[in-house]
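Understanding the architecture of this molecule
Here is how the chains run, residue by residue.
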Amino acid sequence: NVTFRDFTIFHGGHFGILGTGVTNWTIDNLKIDTNRDGIDIDGCINVRVSNCSVNAPEDDAICLKSSHALGYPLPTENITIVNCFVSGFDEGTLLDGTRQRKRHRDGGVIGRIKLGTESNGTFRNITIANCIFEYSRGLALESVDGAFMEDITISNLTMRDIIDTPLFIRLGARMRAPPGSPRGAARRIKIDTVVVHNAASLGGIHVSGVPGHPIEDLSLSNIFVNYAGGGTL
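Anyway, here's the lowdown on the structure attached to this text. (Residues numbered from 1 in each chain as written. Predicted model: local features only at pLDDT ≥ 70, side-chain atom pairs only at ≥ 80, totals over all residues. Heavy atoms only, no water.)

**Points about empty space enclosed by the protein**
In this structure the tally under the stated criterion is one cavity of 30 Å³ or more. Estimated volume of the largest cavity: approximately 30 Å³. Taken together, Pro57, Phe89, Asp90, Glu91, Arg103, Arg105 and Val109 make up the lining of the largest cavity. Across the lining of the largest cavity, the residue classes break down as three nonpolar, no polar and four charged. (1 Å grid on protein atoms, 1.4 Å probe; cavity = no way out; pocket = protein on both sides within 12 Å on 5 of 7 lines; lining within 4 Å. Points joined across faces, edges and corners; volume = space filled by probe spheres on them. Nonpolar A, V, L, I, M, F, W, Y, C, P; charged D, E, K, R; others polar.)

Below, the structure written as structure tokens:
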């Protein structure tokens, strides 16, 4: 029963906000401009993130995790992320309003909304809606350590100047998990109404599983991607 509301974080370090094992958590109207993750939600239940602006050029802006941090797999479920803005401008320039892009990071800026990669438990009942990405990586859904990633709805996203894949959905087998942990699953995922302008030419929409573990029941609809172009034949 925790509420974070109406404050600003500048240069939050490792990380701006990290909640582990929190139940009934409201995060509303925050401004975060930082050098690592902005908001990390790990093994939490019933979380509402709304009306937040997060600039994180060096790492993820808003990240859901489902790790083994407390010694056992933690589910991350019943999560809503709505009406948020994420970006990868130079640190501090979201808060001062200049939104600069002078500093160049190896691999490009990050600043995205992401599930994973820490993914031992379960991601279930997740809604992401009405969010804006600018000068960042795109949306990433990744279960690589055995998590079940299921019952997810994503709608009404706009993205501009995306430096790699606008949509990245990955069921992998890194298995940073206790021995004997089962492979995960990715299923019942619906993504609808996404508009992307000026995406990097080498980053298509990426959907991949592993042999014997395909991604299931995935729906992509009403998606428009405008690529920067400039690639060779």
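**Section: the environment of Thr232**
Positionally, Thr232 belongs in the segment after strand E19 (216-227). Relative accessible area serves as the criterion here: at 79%, Thr232 is assigned to the exposed category. Measuring from C-alpha to C-alpha, the distance between Thr232 and Ser201 comes to 9.9 Å, with 31 residues separating the pair along the chain. (Helix = DSSP H or I, 4+ residues; strand = E, 2+ residues; numbered from the N terminus. Buried < 20%, exposed > 50% of the residue type's maximum accessible area, 1.4 Å probe, protein only.)

**Concerning the pattern of salt bridges**
Charged atoms that come close allow side chains of opposite charge to pair. The tally for this structure, following the rule as stated, stands at 19 salt bridges. A salt bridge links Asp40 to Lys65, with the shortest nitrogen-to-oxygen separation between them at 3.8 Å. Of this pair, Asp40 sits in strand E6 (residues 39-42) while Lys65 sits in strand E9 (residues 62-66); the two residues are 25 residues apart in sequence, bridging distant segments of the chain. Lys65 carries the same exposure label as Asp40, and that label is buried. (Salt bridge = Lys/Arg side-chain N within 4 Å of Asp/Glu carboxyl O.)

**Overview of the pairing of strand E16 (residues 167-171)**
Burial of E16 is one-sided: the residues Leu167, Ile169 and Leu171 facing one way are buried, the residues Phe168 and Arg170 facing the other way are not. Examined bridge by bridge, strand E14 (residues 139-143) and E16 share five bridges and lie parallel to one another. Across the sheet, the residue bridging to Ser143 is Leu171, located in E16. Bridge count between E16 and strand E18 (residues 206-208): three bridges; the pairing is parallel. Along E18, the bridge assignment pairs Phe168 with His206. (Pairing = 2+ DSSP bridges.)

**Observations regarding the sheet that holds E16**
What the seven strands build is an open sheet, ordered E3-E6-E9-E12-E14-E16-E18; its pairing is parallel. Across the chains shown, the open sheet's two edge strands, defined by having one partner strand only, are strand E3 (17-20) and E18. Between one strand axis and the next, the sheet turns through 15 degrees on average, direction left out of account. Strand direction decides the pairing type here: E9 and strand E12 (residues 113-119), joined by four bridges, are parallel. Directly across from Leu64, in E12, lies its bridge partner Leu115. (Axes fitted to C-alpha atoms, helices over the stretch in contact; angles between N-to-C directions.)

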